[in-house]
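# Residue-level structural notes
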Amino acid sequence: MKTVMKMKQRLGAYLFFVPCLTIFALFLFYPFAKTIYLSLYKTDKLGQAKLFVGLGNYAELFTSESFFHSLLVTFIFVAIVVSVSMLLGLITALLVNKNFPGIRVFSTAYALPMAIASSAAALIFEIMLDPTIGIIDKVLGTDINWLHDERYALVCVALLTAWLNSGINYLYFSAGLANIDEAIYERASVDGANEWQKFTRLTLPGLSPILFYTVVVNIILAFQSFGQVKILTEGGPGESTNLIVYSIYRDAFFNFRFGGAAAQSVVLFTMIMILTLIMFKLEKRGVKY
Amino acid sequence: MAKLALENVRKIYKNGYEAVHNFSLEIEEGEFLILVGPSGCGKSTLLRMIAGLEDITSGELWMDGEIGNYKEPGERNLAMVFQNYALYPNMSVYDNIAFSLSVRKKDKEEIDRKVHETAKLLGIEQLLDRRPGELSGGQKQRVAIGNAIIRNPRALLMDEPLSNLDAKLRTQMRVELAALQHKMKTTTIYVTHDQTEAMTLGSRIVVMKEGEMQQVDTPANLYDAPANKFVAGFIGTPSMNFFEAQAVREEEGVLLLVGEHRIRLSGEDAARLRAHGADKVWLGIRPEDIAVSAPQEGRQTERRPGWKEGLLADGNYLEVLITDIELLGAEKLLIFLLYGKKYVAKVPAETQVKTGEQRRLYLNMAAAHLFDCATEKRI
Ligand SMILES: Nc1ncnc2c1ncn2[C@@H]1O[C@H](COP(=O)(O)OP(=O)(O)O)[C@@H](O)[C@H]1O
Ligand SMILES: [Mg+2]
């Protein structure tokens, strides 16, 4: 009798999972399984699997120069985006952590990039970077076609992305700063520490738990940037801004090579997963709460 | 020359609240000064102004003969122990203690030697590798003190350093602190709201109330000669009893009327009250100066002729109702009711008393204090 009751109780508990699991299954597990499935096939123009090729798509990828170039571009892009956007988030959070009149205006402004659609921001940037009417060239007194020059295009897109992602970093860091006991700064003042020493010895270590989490989120966010690339450069000039996500899009919806695109997706997924696992391992060792 | 001096210091917070009024005080080299007062009376504010964590609204702070108002906290060479310890959570105990030296870029070897010396002095050598999160309250306290004394500061400021500890540990740390200060001879300002702590620690105590200094004196003087009713009530546990009394001058001495009780004052007290001229006074008697049986020399309970029937005869006793008894160990507290107000007496534990009993309690008038009802100053 008792065991039956227990079983029933358990079943009830699992029932609560059903809605959430349904959504996950529909929009996450199924597409994911389908992607892996597709990556093993050649497809027709409608994306239907036609010919089983095993790891053929992967073999093709790892012999393609374009894919490795795309990987390289992605890594440079992610490195710039993550470092700049975290730095921006940290600086803005530090600025707003002091109390002065008008602080609300600033805290809203710093969080705003979160609320702006990447495509809208990209359009505004496109105008600002335009060589004939753009403000950037005017202010700098230069005559550079930013988005159509292989040397600058990637950096421009990366900086825009960094700014877009800085809003969420600002929020994370503000929360992190609020968690640091105000009194330790007072003690440090009496102990004779200057502002820089307070920052490096108290603030940064105090942010370390949140720092780790922020880095992981930022890397994933950066890897997934798409809208701004699509609007600003479409992977060009040449292949200079052909990030993996964009390359997947191009292979699937321009070249109709769904199999190859799926294989790239799986590689991208594996990379992000490995990176995240490494970070978690590092965290266990490094961060003290 | 005083080590530290405050001259007419005031603090008005941004919201207009005046936390400290015209405060003047001199602290001598090597002194252990206690700042005591109820919560919210401005003790922390005063200490933080000395440390440089709060601006001084007006008045002067002198340190070794130099004006210190505008010096940065780090330039004042003061050390502070905070109520919640404020240890650096991400640093080991070693780095916590070494912090003030390492930010001054002192030689590594010298720092190492001093940290070990200090840790040894405080008995925390085995904890040097731990982090604050892994320490007990008492250990945290020692680390905070270690950080404060390591660089021989001009003065040590402590803001209720023991209030987060449990009662037993507090007593133990109190003794250790006193011994440590005696050994190091560091000028110390120690803030507390606990008068027992103040009385046992300090050689000189400042009593504060609502941002104002009430009295500066030795523990014995605060107890025996409180400047006003507030100090008298604040120092000593349980608090002093205050009876409202009417003073009637006679040829020899003064008679105090507490309701129907007639308490005779003679000698110096009477002379002082005569000279003062107040009619309404507070008669202050500490609980330990009340006894259940009459003291031998005070046995003068016979009725004097000439007084109306109904009034009790002259004497130094009160007829009261015992409402509660609290046993403390060797002593017990009698809570008694007189004219609708509650008072306390402290008597030996073996005294035979029952609750609900009507009793005659005798006052040791030699230890009584009189306060002017209008000014609350001691007469
Ligand atoms: N930053 C502040 N702004 C306004 N009022 C304050 C501030 N800090 C303390 N006070 C007020 O000043 C008074 C004294 O505070 P404090 O010095 O902390 O008292 P204590 O340490 O004696 O308990 C209190 O009434 C408190 O409310
Ligand atoms: Mg305080």
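Given the structure is predicted, the values throughout are model-derived calculations rather than measurements. (Residues numbered from 1 in each chain as written. Chains lettered and ligands numbered in written order. Predicted model: local features only at pLDDT ≥ 70, side-chain atom pairs only at ≥ 80, totals over all residues. Heavy atoms only, no water.)

## Looking at the packing of aromatic side chains
Scanning the model with the defined rule gives 28 aromatic pairs over all chains in all. Seen in terms of ring centroids, tryptophan 196 of chain A and phenylalanine 199 of chain A are 5.7 Å apart; in terms of plane orientation they differ by 35 degrees. Their pairing is tilted. With tryptophan 196 of chain A and phenylalanine 199 of chain A both in helix α10 (residues 195-223) and three residues apart, this pair spans about one turn of that helix. Centre to centre, the rings of phenylalanine 226 of chain A and tyrosine 249 of chain A are 4.9 Å apart; their planes meet at 65 degrees, and the pair counts as edge-to-face. Separated by 23 residues along the polypeptide, phenylalanine 226 of chain A in the loop between α10 and α11 (227-232) and tyrosine 249 of chain A in helix α12 (residues 244-253) bring together distant segments of the chain. The partly exposed category is assigned to phenylalanine 226 of chain A, whose relative accessible area is 26%. Joined through ring pairs, the aromatic side chains of Phe226, Tyr246, Tyr249, Phe253, Phe254 and Phe258 of chain A make up one cluster. Sitting over the ring of tyrosine 88 of chain B, arginine 187 of chain A keeps its end group 4.1 Å from the ring centre. (Phe/Tyr/Trp six-rings, centres within 6.5 Å; stacked < 30°, edge-to-face > 60°. Helix = DSSP H or I, 4+ residues; strand = E, 2+ residues; numbered from the N terminus. Buried < 20%, exposed > 50% of the residue type's maximum accessible area, 1.4 Å probe, protein only. Lys NZ or Arg CZ within 6 Å of the ring centre and 35° of its normal.)

## Considerations on the sheet that holds strand β8 (residues 188-192) of chain B
Residue and element names in this part refer to chain B. Strand order across the open sheet formed by six strands is β6-β7-β8-β3-β9-β10, with mixed pairing between neighbours. Two strands in the sheet have a free side with no partner beyond their single neighbour: β6 (78-81) and β10 (212-217). Between one strand axis and the next, the sheet turns through 20 degrees on average, direction left out of account. Note: β6 against strand β7 (residues 155-159), four bridges, orientation parallel. When the bridges of β7 are listed, alanine 79 appears paired with leucine 156. The sheet strands contacting helix α4 (residues 137-149) are β6 and β7, and the helix crosses β6 at an angle near 175 degrees. (Pairing = 2+ DSSP bridges. Axes fitted to C-alpha atoms, helices over the stretch in contact; angles between N-to-C directions. Contact = heavy atoms within 4.5 Å.)

## Observations concerning unusual backbone geometry
Residues and elements named next belong to chain B. Put simply, threonine 237 and proline 238 share a cis peptide bond, and its omega is -15 degrees. As for its position among the elements, proline 238 is in the loop between α8 (229-234) and β11 (241-249). One non-glycine residue, aspartate 64, lies in the positive phi region at around 50 degrees. Locating aspartate 64 in the fold gives a position in the loop between β4 (58-63) and β5 (66-67). In the Ramachandran plot, tyrosine 339 falls in the positive-phi region, its phi being about 50 degrees despite a non-glycine side chain. Within the fold, tyrosine 339 resides in the loop between β18 (331-338) and β19 (341-348).

## Quick notes on the interface of chain A and chain B
Taken together, the contact pairs 17 residues of chain A with 27 residues of chain B. Each partner contributes to the roughly 1900 Å² buried at the junction of chain A and chain B, and carbon and sulfur atoms together form 54% of this total. Seen at the junction of chain A and chain B, the total is two salt bridges. A salt bridge links arginine 48 of chain B to glutamate 186 of chain A; the shortest N-O distance between them is 2.7 Å. Where chain A meets chain B, there are 12 residue pairs in polar contact (both at pLDDT 80 or more). No other element matches helix α9 (residues 182-191) of chain A, which puts eight residues into the side of chain A that touches chain B. A breakdown of the residues in the side of chain A that touches chain B according to their chemical character gives seven nonpolar, four polar and six charged. (Buried area = accessible area lost by both parts, 1.4 Å probe. Salt bridge = Lys/Arg side-chain N within 4 Å of Asp/Glu carboxyl O. Polar contact = N/O pair within 3.5 Å; in protein donor to acceptor, adjacent residues only side chain to side chain. Nonpolar A, V, L, I, M, F, W, Y, C, P; charged D, E, K, R; others polar.)

## Thoughts on the packing of helix α3 (residues 108-122) of chain B against α4 of chain B
All names here are of chain B. Running from N to C, α3 and α4 cross one another at 135 degrees; their axes reach a closest spacing of 10 Å. Classified by the interaxial angle, the pair formed by α3 and α4 is oblique. The way α3 lies across α4 gives a crossing that is right-handed. Within the contact between the two elements, α3 uses Thr118, Leu121 and Leu122 and α4 uses Arg142, Ile145, Gly146 and Ile149. Class assignment for the residues of the contact of α3 with α4 results in four nonpolar, two polar and one charged. (Parallel < 35°, antiparallel > 145°, perpendicular 65-115°, else oblique. Left-handed = near helix turned anticlockwise from the far one by under 90°.)

## Structural notes on helix α8 (residues 153-178) of chain A
For α8 of chain A, built from 26 residues, the straight-helix expectation of 38 Å at 1.5 Å per residue is met to within 8% by its first-to-last C-alpha distance of 37 Å. If you look at α8 of chain A, its biggest bend is around 35 degrees, right at serine 166 of chain A. (Expected span 1.5 Å × (residues − 1). Bend = angle between axes of the 7 residues up to and from the residue.)

## Examining the site of ligand 1
All names here are of chain B. As a structural note, the neighbourhood of ligand 1 is formed by Tyr13, Asn15, Tyr17, Ala19, Ser39, Gly40, Cys41, Gly42, Lys43, Ser44 and Thr45. One of the backbone nitrogen or oxygen atoms of lysine 43 is found 2.9 Å away from an oxygen atom of ligand 1. For ligand 1, an oxygen atom lies 2.4 Å from a polar atom in the side chain of threonine 45. Alone, ligand 1 offers 560 Å² of accessible surface; in the complex the protein occludes 64% of this. At three residues, helix α1 (residues 43-51) tops the list of elements feeding residues into the shell around ligand 1. (Near = heavy atom within 4 Å. Areas by Shrake-Rupley, 256 points an atom, 1.4 Å probe, with all protein chains shown as cover.)

## A few points about the domain arrangement of chain B
All names here are of chain B. When the domains of chain B are assigned, the result is domain 1 (4-229) and domain 2 (241-372). At the interface, seven residues of domain 1 touch six residues of domain 2. Across the interface of domain 1 and domain 2, roughly 560 Å² is buried in total on both sides, 62% from carbon and sulfur atoms. Of all residues in domain 1, Tyr223, Pro226 and Lys229 bury the most surface against domain 2, accounting for 87% of the area lost on that side. (Domains from an automatic or database assignment.)

## Quick word on the confidence of the model for chain A
Looking at chain A as a whole, its pLDDT mean stands at 85, while 98% of the residues score no less than 70. Looking at the elements of chain A, mean pLDDT is at its lowest for strand β2 (residues 49-52) of chain A, recorded as 76, and at its highest for α9 of chain A, recorded as 91. (pLDDT = per-residue confidence, 0-100.)

## Looking at the pattern of salt bridges
For side chains of opposite charge, pairing can occur when their charged atoms come near one another. Inspection of every chain in the model, using the stated rule, returns 25 salt bridges over all chains. Glutamate 110 of chain B serves as the salt-bridge partner of lysine 114 of chain B, at 3.6 Å between the closest nitrogen and oxygen. Residue lysine 114 of chain B and its partner glutamate 110 of chain B are both found in helix α3; the two are separated by four residues, about one turn of the helix. What you see here is one network of salt bridges that share partners, running through Lys42, Glu60, Asp251 and Arg257 of chain A.

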